[in-house]
Amino acid sequence: MKLAIYDMDRTVTIRGTYTPFLLFVAARMAPWRLLLAPFALLAMAGYAAKLVSRKRLKEVNLALLLGTRLSPQRLAPHIEAYADRVVARNLYAKARARIADDQAAGYRVALCTASYELYVHAIAARIGIAAEDVIGTKLVSAVDGTILAQIDGENCYDREKLPRIAQWMAKIGVKREEAHLRCYSDHVSDAPMLDLADEAFATTPSPKLRALAGQRGWPVLDFRT
């Protein structure tokens, strides 16, 4: 079984999608919440000072800008509009072509990202990746169906991607030893995922990942050119 796993932000997309998503939806659903953005900056300062975890930072920002309880029905049109915007303005054409090439070569393609599955599904659908092949940060759903500003489990980042990939492979019925695995990322935090791969690609890499790719012999792909 041939599998290709892509990070999303700054690998497939040109820029990050998380903060723009919060601001885009807040501006459309409850513009007054943009007044709370300075408090989000305070939370970021707490993260920089190692007083707040990355997981907690994301929960706080989501609660400030979108609320603590989110209606899927209210969110849906804004998520679709945001996904349209990302695909129109924020995708590397070469990344999209590489995904298509992998699929044409028989690879099952997945996105593995720290971004919320809440909106990644809509982006994935627009580039030909099935919802079941999205591996992202999950949010807690309440009994009444509303979405809470609480991460379900862990933030899908760094080494946390490894158990999530293992869960996805188990779900689709593929054992690691039965798979040929390609992985793509722009950032050194994905070194554990790249180490897992049979073929690892440093895509439009950050300086630290470029240096690590040189040490590990990983090919570098520049999607900007």
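Refer to the preceding data block for the structure.
A quick note: this is a predicted structure, and the numbers were derived from the prediction, not measured.

A. Representation of the packing of aromatic side chains. What the rule picks out here adds up to eight aromatic pairs. Their ring planes at 50° and their centres at 5.4 Å tell us that Phe 24 and Tyr 82 sit as a pair that is tilted. Of this pair, Phe 24 sits in helix α1 (residues 18–29) while Tyr 82 sits in helix α4 (residues 72–89), and the two are 58 residues apart along the sequence. Both residues of the pair, Phe 24 and Tyr 82, belong to the buried class. Taking the centre distance of 5.7 Å and the plane angle of 85° together, the rings of Tyr 82 and Tyr 119 count as edge-to-face. Of the two residues, Tyr 82 sits in helix α4 while Tyr 119 sits in helix α6 (residues 117–126), which places them 37 residues apart along the sequence. We note that Tyr 82, like Tyr 119, is buried. Taken together through their ring pairs, the aromatic side chains of Phe 21, Phe 24, Tyr 82 and Tyr 119 make up a single cluster. Cation over ring: Arg 98 sits above Phe 201, and NZ or CZ is 4.8 Å from the ring centre.

B. View of the packing of α1 against α4. The contact between α1 and α4 brings their axes to 10 Å, and the two run at 130°. Comparing their axes, α4 and α1 come out oblique. Between α1 and α4 lies a crossing whose hand is right-handed. Here Pro 20, Phe 21, Phe 24, Val 25, Arg 28 and Met 29 of α1 come into contact with α4, specifically with Arg 74, Leu 75, Pro 77, His 78, Ile 79, Ala 81, Tyr 82 and Arg 85.

C. How the structure looks around helix α7 (residues 161–171). All buried positions along α7 are accounted for by Lys 161, Arg 164, Ile 165, Trp 168 and Met 169. Buried residues of α7 fall within an arc of 135° about the axis and therefore sit on the same side. The outward face of α7, more than 90 degrees from its buried face, is lined by the exposed residues Gln 167 and Ala 170. One or two steps after α7, the chain reaches Gly 173, where phi turns positive at roughly 75°.

Scoring rules and cut-offs
Residues numbered from 1 in each chain as written. Predicted model: local features only at pLDDT ≥ 70, side-chain atom pairs only at ≥ 80, totals over all residues. Heavy atoms only, no water. Phe/Tyr/Trp six-rings, centres within 6.5 Å; stacked < 30°, edge-to-face > 60°. Helix = DSSP H or I, 4+ residues; strand = E, 2+ residues; numbered from the N terminus. Buried < 20%, exposed > 50% of the residue type's maximum accessible area, 1.4 Å probe, protein only. Lys NZ or Arg CZ within 6 Å of the ring centre and 35° of its normal. Axes fitted to C-alpha atoms, helices over the stretch in contact; angles between N-to-C directions. Parallel < 35°, antiparallel > 145°, perpendicular 65-115°, else oblique. Left-handed = near helix turned anticlockwise from the far one by under 90°. Contact = heavy atoms within 4.5 Å. Arc of directions from axis to C-beta.

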